[in-house]
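# A structural walkthrough
Spelled out from the first residue to the last, the chains are:
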Amino acid sequence: MNSVEKSMKEYIEEAEQDLLHTYNRYQVVFDRGEGVWLYDMEGKRYLDFVAGIAVFALGYGNEGYNAALKAQIDKIIHTSNYYYNVPAIEAAGKLKKVSGMDRVFFTNSGAESVEGAIKAARKYAYLKDGRTDHEIIAMEHSFHGRTMGALSVTGNPHYREAFEPGIGNIRFAKLNDFESVEALVNDRTCAVIFETVQGEGGIFPAKEEFLRKLRALCDERDILLILDEIQCGMGRTGHMFAWQKYGIKPDIMTTAKALGCGVPVGAFLMTEKVAANSLTAGDHGTTYGGNPLACAAISKVLDLFEENHIIEHVREVSAYLEKRLDELAAKYDFITERRGAGLLQGLVFNRPVADYINAALKQGLVLINAGTNIIRFVPPLIITEEDIDKMIEILDGCLAG
Ligand SMILES: *Cc1c(COP(=O)(O)O)cnc(C)c1O
């Protein structure tokens, strides 16, 4: 314990001195959580509709999850990928089962999963024709992470410009505009990558017809379909992975965020066909990825999803969230649209939303934007109708101003 207790304001000042200023942070220090509630250092309570950006699906302080992590800490936290470990083997098996994919590579983050997916796709194409100028088609408004490869396939030019050149040979098409993709395909195209539901770029779900046509095109040309499920996956849309709704399957899939429910993990998964014809020993690696602690988290998260019928719950409760958000959209003419899937929803405003989000925070409600004009709703998946009513009540008050 410090001999002198620091105040929340003092910690914030210290953070602004010491941390690299890459975020304009909200003026709050969260100290602990319980279910769908967060508490700041001063004991003020907040209803959480952000979940650490679609991460903490099971709510804070889940006893089973915490106990599994504590038990693993007392056993062993880290070994190395040069040795086998039981939590990784179990987590991989469970992840295969819920995804229907065949092979798993564990990473430390979403961006790192995207990097791995890109490498696998390039290697797959390289083994076919020996060329080193393969192209990847990505989508406008996409977000795939901040590392150089993931950034290079991210659609928003503002994120990329200062850091160019990226990895190169990336072309951008429009989500849900099949012809715009088709027009970019040539004999160097090795992959098409997109989020099944675009998150950061404004909550745009891919349409079924677009997915089906792309799947057929990729099959015909032996191009790999990479779906980024980092935000929209892990039950959030009422399916374990959003693409499972459409009866199609990607060749490579990325996941992260809710996969570890707060422990920093990710994974990319592929079909046996891709696995057998892409990355082999020595091609890819990570020191931490898939370590026993991280995989104990994944393993327990997947158990708890099943035991607590999380997906069924999301389907029920998200219908209610949609209804309540639609009511708000109807009430205020500056809200132009509600869109999304399951518990990944956006309210589109005809004006910036920052002031509303700050007002909500003051009233004890945590919300986040997606772009300047959209309030995004990505609550813990255990949210109830009562929590939704409470959220709407506070937000309605802020909108009425
Ligand atoms: C958050 C996110 C990423 C990046 O994940 P990090 O863990 O922040 O690297 C990539 N893709 C999508 C769709 C995301 O939402």
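Just above sits the structure.
The text that follows walks through the structure, step by step, so that each part is easy to find. Just so we're clear, the structure is a prediction, and the values are computed from it rather than from any experiment.

## Remarks on the packing of aromatic side chains
All chains considered together, the criterion is met by 10 aromatic pairs. Taking 5.2 Å as the distance between ring centres and 85° as the angle between the ring planes, the aromatic pair formed by phenylalanine 30 and tyrosine 46 counts as edge-to-face. With phenylalanine 30 in strand 1 (residues 30-34) and tyrosine 46 in strand 3 (residues 45-48), this pair connects stretches of sequence that are 16 residues apart. Measuring from ring centre to ring centre gives 6.1 Å for phenylalanine 56 and tyrosine 65, while their planes differ by 75°; the resulting arrangement is edge-to-face. Classification of phenylalanine 56 as buried rests on a relative accessible area of 18%. Among the aromatic residues, those joined into a ring-pair cluster are Tyr332, Phe334, Phe349 and Tyr356. Over the face of the ring belonging to tyrosine 39 we find arginine 32, whose NZ or CZ atom lies 4.1 Å from the ring centre.

## Observations concerning the side chain of aspartate 48
Turning to its location among the elements, aspartate 48 is positioned in strand 3. Although aspartate 48 is buried, it forms no salt bridge, and the closest oppositely charged side chain is arginine 236 at an N-O distance of 8.8 Å. Among the polar contacts listed, one links the side chain of aspartate 48 to the backbone nitrogen of valine 50, at a separation of 2.9 Å. A polar side-chain atom of aspartate 48 sits 3.0 Å from the main-chain amide nitrogen of alanine 51. Beyond its immediate stretch of four places on either side in the chain, aspartate 48 contacts Val36, Leu38, Tyr60, Val366, Pro379, Pro380 and Ile383.

Cut-offs applied
- Residues numbered from 1 in each chain as written.
- Predicted model: local features only at pLDDT ≥ 70, side-chain atom pairs only at ≥ 80, totals over all residues.
- Heavy atoms only, no water.
- Phe/Tyr/Trp six-rings, centres within 6.5 Å; stacked < 30°, edge-to-face > 60°.
- Helix = DSSP H or I, 4+ residues; strand = E, 2+ residues; numbered from the N terminus.
- Buried < 20%, exposed > 50% of the residue type's maximum accessible area, 1.4 Å probe, protein only.
- Lys NZ or Arg CZ within 6 Å of the ring centre and 35° of its normal.
- Lys, Arg positive; Asp, Glu negative; His and termini not counted.
- Salt bridge = Lys/Arg side-chain N within 4 Å of Asp/Glu carboxyl O.
- Polar contact = N/O pair within 3.5 Å; in protein donor to acceptor, adjacent residues only side chain to side chain.
- Contact = heavy atoms within 4.5 Å.

Limitation: the analysis is restricted to geometry and does not speak to function.
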